[in-house]
Amino acid sequence: MSRFLPTLVLLDCQRESLDPGEAEDDGSNAAVADRIRRLLTSARLSGWNILHCQYKSNRPAINCGVSVPGAPIDGLAPLSREAVFIRTGLSAYSDPDFGRMIRHYAGPPCFLVGFSAPFSLMATMFDAVARDQRLTVIPEAVGGRAVGPRSASSVRDISFDLIDRLSSTVLLDEVVATWLRSPETPTLKKIGIG
């Protein structure tokens, strides 16, 4: 891991975040998972620092009685060299090592993608601001959950009204053009980014 390269944080990229039977339109969580998958692949090829933050499932693991994180979404599982943080509260910062790692990689952008808008996403953003740590959210790579009568995409859009005031956001195309295109990664077009 390098302190001079961007960091990609995957928040709550677990199977529970995907609604079974959801139509795969451009704003669906399934489409968001696909964008995150392609971004993660490109970030790995570019040597970025990758951090995963997962939440504990309320279900105990078989035969041991302890809560464990839910299974990652296909294609978004951490590699052995990538740090994994387990949030026990609403914010990623409920794992004390998460904040230390974000501080360690301060300098180049720290991009935040994942699921659980508005819940853990908003809590994490508020905690980042309180700690004077800058997280940059990529809106097209953020999924949400339906809340009451509001659809997941509607809740996500409402979340971004506040996130835009708390921190910076950057479009996925800009991330690709600025941080992922280089002579060292000529295969980005082949995997569907760029």
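What you see is a predicted model; the values in this text were computed from it and never measured. Along each chain, the written sequence defines residue order, and numbers are assigned to residues from 1. The predicted origin of the model limits local features to residues at a pLDDT of at least 70 and limits the giving and counting of side-chain atom pairs to 80 or more, whereas totals for whole chains, interfaces and linings rest on all residues. Only hydrogens and water are set aside; all other atoms, that is, all heavy atoms of the structure, feed into the side-chain values.

Draft legend 1. Expanded view of unusual backbone geometry. Of note, the phi angle at Asp-12 is positive, near 55°, even though the residue is not glycine. Relative to the assigned elements, Asp-12 resides in the loop between strand S1 (7–11) and helix H1 (29–45). For every residue, the accessible area obtained with a 1.4 Å probe (protein chains only) is divided by the maximum for its type, and the residue is called buried under 20%, exposed over 50%, and partly exposed between those limits. Given a relative accessible area of 0%, Asp-12 falls into the buried group. Of note, Asp-132 is a non-glycine position whose phi angle comes to about 55°, a positive value. With respect to the helices and strands, the residue Asp-132 is situated in the loop between helix H3 (119–130) and strand S6 (136–144). Given the relative accessible area of 74%, Asp-132 is considered exposed. What counts as a helix is a DSSP run of H or I of at least four residues, what counts as a strand is a run of E of at least two, and both are numbered from the N terminus.

Draft legend 2. Local environment of the confidence of the model for the chain. Within a predicted model, pLDDT stands for the predictor's per-residue confidence, ranging from 0 to 100. Per-residue pLDDT for the chain has a mean of 82; in total, 79% of the residues score no lower than 70. When the elements of the chain are averaged for pLDDT, strand S3 (residues 67–69) gives the smallest value, 51, and S1 the largest, 96. Should any heavy atoms of two residues lie within 4.5 Å, those residues are considered in contact. Counting contacts from residues 183–191, a segment whose pLDDT is below 50, to residues more than four positions away or on other chains yields 14 contacts.

Draft legend 3. Seen up close, the environment of Ala-123. Its place among the elements puts Ala-123 in helix H3. In the structure, Ala-123 is positioned 34 residues away from Gly-89 in sequence and 9.3 Å away in space, judged by C-alpha atoms. Not counting residues within four places of it along the chain, the set of residues in contact with Ala-123 comprises Leu-90, Ser-91 and Pro-118.

Draft legend 4. Highlighting the pairing of strand S5 (residues 110–117). For S5, the tally of buried residues reaches 8 of 8 residues, placing the bulk of the element in the interior. One requirement defines pairing of two strands: DSSP has to find at least two bridges between them. Pairing geometry for S1 and S5, over 5 bridges, is parallel. In the strand pairing of S5, Leu-11 is matched with Gly-114. Relative to S6, S5 runs parallel, the two being bridged by 4 bridges. Residue pairing in the sheet places Leu-112 in a bridge with Val-137 of S6. With the strands aimed away from the viewer, a crossover counts as right-handed if its path from the first strand over the helix to the second runs clockwise. In this fold, the crossover linking S5 to S6 by way of H3 has right-handed handedness.

Draft legend 5. Highlighting the packing of aromatic side chains. Between the rings of Phe, Tyr and Trp (Trp by its six-membered ring), a pair exists once the centres lie within 6.5 Å; its type follows the angle of the planes, with under 30 degrees stacked, over 60 edge-to-face, and the other angles tilted. Per the counting criterion, the structure on display carries 3 aromatic pairs. With a centroid separation of 5.6 Å and an interplanar angle of 85°, the aromatic rings of Phe-85 and Phe-98 are classed as edge-to-face. Residue Phe-85 is located in strand S4 (residues 83–87), and its partner Phe-98 is located in helix H2 (residues 96–104); the two are separated by 13 residues in the primary sequence. Taken together, the aromatic side chains of Phe-85, Tyr-93 and Phe-98 make up a single cluster linked through ring pairs.

Draft legend 6. Structural view of the packing of H1 against helix H5 (residues 172–180). Axis definition: a line fitted to C-alpha atoms, limited for helices to the stretch in contact. Angles are taken between N-to-C directions and run from 0 to 180 degrees. Their axes nearest at 12 Å, the elements H1 and H5 cross at an angle of 10°. Between H1 and H5, the angle is such that the two are roughly parallel. Of H5, the residues touching H1 (which contributes Arg-35, Leu-39, Ser-42 and Ala-43) are Leu-172, Val-175 and Leu-180. Think of it as three bins: nonpolar holds Ala, Val, Leu, Ile, Met, Phe, Trp, Tyr, Cys and Pro, charged holds Asp, Glu, Lys and Arg, and polar takes everything else, Gly as well. For the contact of H1 with H5, the class distribution of residues is 5 nonpolar, 1 polar and 1 charged. Between 65 and 115 degrees an angle is taken as roughly perpendicular, under 35 as roughly parallel, over 145 as roughly antiparallel, and anywhere else as oblique.

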